[in-house]
Amino acid sequence: MHRLTRDDIEQAARHVYQVMPATAQYSWPLLAQRLGCTVWVKHENHTPTGAFKIRGGITFMHWLKREHPGAKGIVTATRGNHGQSLALAASALGLKALIVVPQGNSVEKNNAMRGFGGEVIEWGRDFDEAREEAARLAQEHDLFLVPPFHTELVKGVATYALELFTAAPHLDTVYVPIGCGSGICGVIAARDALGLKTQVVGVVSSEAAAAKLSFEAGEIHETASANTFADGLAVRKPIPAAFAIYAAGAARIVAVSEQEIAEAMRVYYTDTHNLAEGAGAAALAALIQEREARAGETVGVILSGGNVDRSVYAGVIGE
C-alpha cells in the first residue's frame, strides 16, 4: 500500500461527508478523573451504521464505480459492521450487496445489514470460513469480492483519525482495536501524513491475539480459534498487507480479557452514557489496564462502534 498523504485523506473525507457528518471527539471529565489522564474519545459509534466501517465502505464504492464500472454488485464476509457499511454504500449506488456471515452471527447486525439493502447468507463456523465462502460466491455470481482490507478502505477510515488529530493535536498515545486492521492502519496513515509523534497502540482480545503474537514475533502467526464476544476482534490470522503497516507503525499491541472489555463497556456507560460494543470498548479497556503508565498524558481512545445485541449488553451492564 502506498503511503497516504494528507491530500489523499482529505479527498476521501469529501466523499464521506456527502453521506455523513464528521463524528465528535470529546474529552470526558469522569474518564479523566477515573484514569488520571486526559481522555479523548473518538465517537465512531455515532455514524449512520453505528461503527467506523461506513467510511471505508463509502470510499471503496466510489473507487469500484470508477475502476470497475461494469461491476453488477459486491460480495464480502463480515461479522457485521463492515457488511452494514458496504450494504449502505452499495445500495446508494444501485449495486447488489451479498454479505456472508458465520453461523450464529449477531441477529441485530444481520437485521441491520438487511435494513441497509444487503442480502445476508450464513455460512461457516467463524469469520475466516465465511471469507472462503464469499470468495466462492464472487466467482459463481460474477460479483466483485470486497476484501476486509484494501487501500481504499484504509483511506476512508483514516478520515476519522484526521478528524481526531485535527481536533486534539497533542495526543501522546492513541489506542485502536484491531480486527482485520483497517482501523489501526488508518490511524497510522493519518498520524504519518500529519507528521505527528503520537504513539499508536493496537488492542486485541486475549481470546483472539493473533495480531499481538505476530507483532511480537515479527512474522504472521495464526490462532486456532477467536472465541471472543467482541466480534469485531474475532480474527484468527492477520491480513499480510495490514500486518506490514502496523508491524512498522505501531508502538505495541495490548491484549485485553473478556472481563476487561465488559468492564470498559460499563465504564463507558457510567462515565459518558455511550453504548459501546465489545470491540468498541477494547481501546478503553487497554487504557484502563495501562493507566499508571499513562498518568498525566493526553490519550485518545477509538470507540469504534456501538452495535451490540440487546441481550449481550443487558448481560454486561447488569453485572
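Everything quoted here is computed from the prediction, not taken from an experiment.

### Regarding helix H9 (residues 210–217)
Here comes step 1: Buried within H9 are the following residues: Ala210, Ala211, Ser214 and Phe215. Looking straight down H9, one finds its buried side chains confined to an arc of 130 degrees; they lie on one side.
Here comes step 2: Directly after H9, the chain includes glycine 218, whose backbone phi takes a positive value near 80 degrees.

### Remarks on the packing of aromatic side chains
Here comes step 1: Applying the stated criterion across every chain, the model contains six aromatic pairs.
Here comes step 2: Ring plane angle 85 degrees and centroid distance 5.9 Å describe the contact between phenylalanine 52 and tyrosine 160, whose orientation is recorded as edge-to-face. Note that phenylalanine 52 is positioned in the loop between strand E2 (38–43) and helix H3 (53–67) and tyrosine 160 in helix H7 (residues 151–167), a separation of 108 residues in sequence.
Here comes step 3: Where phenylalanine 60 meets tryptophan 63, the ring centres are 5.2 Å apart and the plane angle is 50 degrees; that geometry is what we call tilted. With phenylalanine 60 and tryptophan 63 both in helix H3 and three residues apart, the pair spans about one turn of that helix.

### Let's talk about the side chain of aspartate 309
Here comes step 1: Mapped onto the elements, aspartate 309 comes out in the loop between strand E10 (298–303) and helix H13 (310–317).
Here comes step 2: Within the buried core, aspartate 309 has no salt-bridge partner, and the shortest N-O distance to an opposite charge, that of lysine 109, equals 7.0 Å.
Here comes step 3: Apart from the residues lying within four places of it in its own chain, the contact partners of aspartate 309 are Ser106, Val107, Glu108 and Lys109.

### A look at the UniProt feature "domain: Tryptophan synthase beta chain-like PALP" (unreviewed entry) in the protein chain
Here comes step 1: Within this structure's numbering, the places UniProt gives as "domain: Tryptophan synthase beta chain-like PALP" (unreviewed entry) are residues 28–305.
Here comes step 2: Split by type, residues 28–305 is 48% helix and 17% strand. Its first and last C-alpha atoms lie 18 Å apart.

### Quick notes on the pattern of salt bridges
Here comes step 1: Using the criterion set out here, one finds 24 salt bridges in the structure.
Here comes step 2: Here arginine 55 and glutamate 44 are joined by a salt bridge, their closest N and O atoms 2.7 Å apart. Placement of arginine 55 in helix H3 and of glutamate 44 in the loop between E2 and H3 is noted, with a sequence separation of eleven residues between them.
Here comes step 3: Among the residues examined, glutamate 44 registers a relative accessible area of 0% and is labelled buried.
Here comes step 4: Note that aspartate 192 is salt-bridged to arginine 191, the shortest N-O span being 2.9 Å.
Here comes step 5: Ionic contacts of the salt-bridge type, sharing partners, join the residues Asp126, Asp128, Arg131, Glu222 and Arg236 into one network.

### Quick word on the packing of helix H11 (residues 258–272) against H13
Here comes step 1: Close contact between H11 and H13 brings their axes to 9 Å; oriented N to C, the two are set at 85 degrees. By the angle between their axes, H11 is roughly perpendicular relative to H13. Residues Ala262, Met265, Arg266 and Tyr269 of H11 pack against Tyr313, Val316 and Ile317 of H13.

### What about the sheet that holds strand E7 (residues 173–177)?
Here comes step 1: Taken in spatial order, the six strands make up an open sheet running E1-E2-E10-E7-E8-E9, and their pairing is mixed. The outermost strands of the open sheet, each flanked by one partner alone, are strand E1 (25–27) and strand E9 (252–256). Going from strand to strand, the sheet's axes swing by 25 degrees on average, the running direction of each strand aside.
Here comes step 2: By the bridge criterion, five bridges tie E7 to strand E8 (residues 199–205) in an arrangement that is parallel. If you follow proline 177 over to E8, its bridge partner there is valine 203.
Here comes step 3: Helix-sheet contacts for H11 involve E2, E8, E9 and E10, and the interaxial angle to E9 is about 90 degrees.

Each value, and the rule that gives it
Residues numbered from 1 in each chain as written. Predicted model: local features only at pLDDT ≥ 70, side-chain atom pairs only at ≥ 80, totals over all residues. Heavy atoms only, no water. Buried < 20%, exposed > 50% of the residue type's maximum accessible area, 1.4 Å probe, protein only. Helix = DSSP H or I, 4+ residues; strand = E, 2+ residues; numbered from the N terminus. Arc of directions from axis to C-beta. Phe/Tyr/Trp six-rings, centres within 6.5 Å; stacked < 30°, edge-to-face > 60°. Lys, Arg positive; Asp, Glu negative; His and termini not counted. Salt bridge = Lys/Arg side-chain N within 4 Å of Asp/Glu carboxyl O. Contact = heavy atoms within 4.5 Å. UniProt positions renumbered as here; feature names shortened; annotations may be inferred. Axes fitted to C-alpha atoms, helices over the stretch in contact; angles between N-to-C directions. Parallel < 35°, antiparallel > 145°, perpendicular 65-115°, else oblique. Pairing = 2+ DSSP bridges.

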